[in-house]
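The lines below spell out each chain.
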Amino acid sequence: MDGANVEMAEEVGEDNIFIFGMSSDEVIEHERNRDYNPMDVFNNDQDIRQVLMQLINGFYSPNHTELFRKLYNSLLNTENTQYADTYFCLKDFRSYAQAQERVEQAYRDEPRWAKMAMSQVACVGKFSSDRTIQEYVDDIWHLDKIKVEMAED
């Protein structure tokens, strides 16, 4: 749950959105403490272990078994990145899979799915790029507007 997801949940209601993964506070805490070890996930989740091993055993690229080695390394060690699994993909995977199951259940309930879809469409206006850019201008970049005078012919 971070800025954009918080806003979306507020706009459409938590019943109309599928949130997964760690909270922003949990991510910040792991980054501060550097206590996340993706090898723990790899060693304790056989599904994740199988998929990661398939990245380097030729399953996805029989003629080039090293094709996905950098991806594998980026998730499990620091050979190609400063931190292993920098974006906590493995840490959030089970939560993602559970959210996907909730999506599938909601989709099978046609009236519910239609209501959710209509809520999303009805509330999308707040998420225009114009508003987002203006908020960056005001709150992050602290820029002043300038007026450009058009030259007369």
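What counts, and where the lines are drawn
- Positions within a chain are numbered from 1, following the residues in the order the chain's sequence is written.
- Note on the predicted model: pLDDT of at least 70 is required for a residue's local features to be given, and 80 or more for side-chain atom pairs to be given and counted; whole-chain, interface and lining totals, by contrast, use all residues.
- Where side-chain values are given, they derive from all heavy atoms of the structure, hydrogens and water being excluded.
- Numbering of helices and strands runs from the N terminus, with a helix taken as a DSSP run of H or I at least four residues long and a strand as a DSSP run of E at least two residues long.
- We call a residue buried when its accessible area falls under 20% of the maximum for its residue type, exposed when it is over 50%, and partly exposed in between, using a 1.4 Å probe and counting protein chains only.
- By definition, residues are in contact when any of their heavy atoms lie within 4.5 Å.
- Definition of nonpolar core: a set of buried residues of the types Ala, Val, Leu, Ile, Met, Phe, Trp, Tyr and Cys, connected through side-chain atoms within 4.5 Å.
- In the cavity and pocket records, a cavity denotes points on a 1 Å grid over the protein atoms alone where a 1.4 Å probe fits but cannot get out, a pocket denotes an open set with protein on both sides within 12 Å along at least 5 of 7 lines, and lining residues are residues with an atom within 4 Å of a point.
- Grid points are joined across faces, edges and corners, and a volume is the space filled by probe spheres set on the points.
- Put simply, Ala, Val, Leu, Ile, Met, Phe, Trp, Tyr, Cys and Pro go in the nonpolar bin, Asp, Glu, Lys and Arg in the charged bin, and everything else, Gly too, in the polar bin.

Enquirer: Break down the side chain of S61 for me, citing the residues and quoting the values.
Expert: Within the element layout of this structure, S61 appears in the loop between α4 (46-56) and α5 (69-76). According to the relative accessible area criterion, S61 is buried, its value standing at 8%. Excluding its chain neighbours within four sequence positions, the residues that come into contact with S61 are L67 and F68.

Enquirer: Residue-level account of the nonpolar core, with values.
Expert: Counting residues in each nonpolar core, the largest one holds 13 residues, and the members touching the most others are L52, Y72, L76 and L90. Among the elements of the structure, α3 (38-44), α4 and α5 are those that each provide at least two residues to this core. Per-element accounting of this core gives the leading share, four residues, to α4. Among residues more than four places away in sequence, those in contact with Y72 are F42, L52, M53, L55 and I56.

Enquirer: Give a description of the layout of surface pockets that names residues and reports values.
Expert: Within this model, the largest pocket holds a volume of roughly 240 Å³. For the largest pocket, the lining is made up of 14 residues, of which M1, D2, N5, F20 and M22 are closest to its centre. Sorting the residues of the lining of the largest pocket by element identifies α1 (3-12) and α2 (24-33) as the ones contributing at least two each. The residue inventory of the lining of the largest pocket, partitioned by class, reads eight nonpolar, four polar and two charged. Of the voids in this model, the second largest pocket is the one considered here, and its volume is about 150 Å³. In terms of lining, the second largest pocket is formed by D47, I48, V51, L52, L55, L75, C89, L90, F93 and R94.

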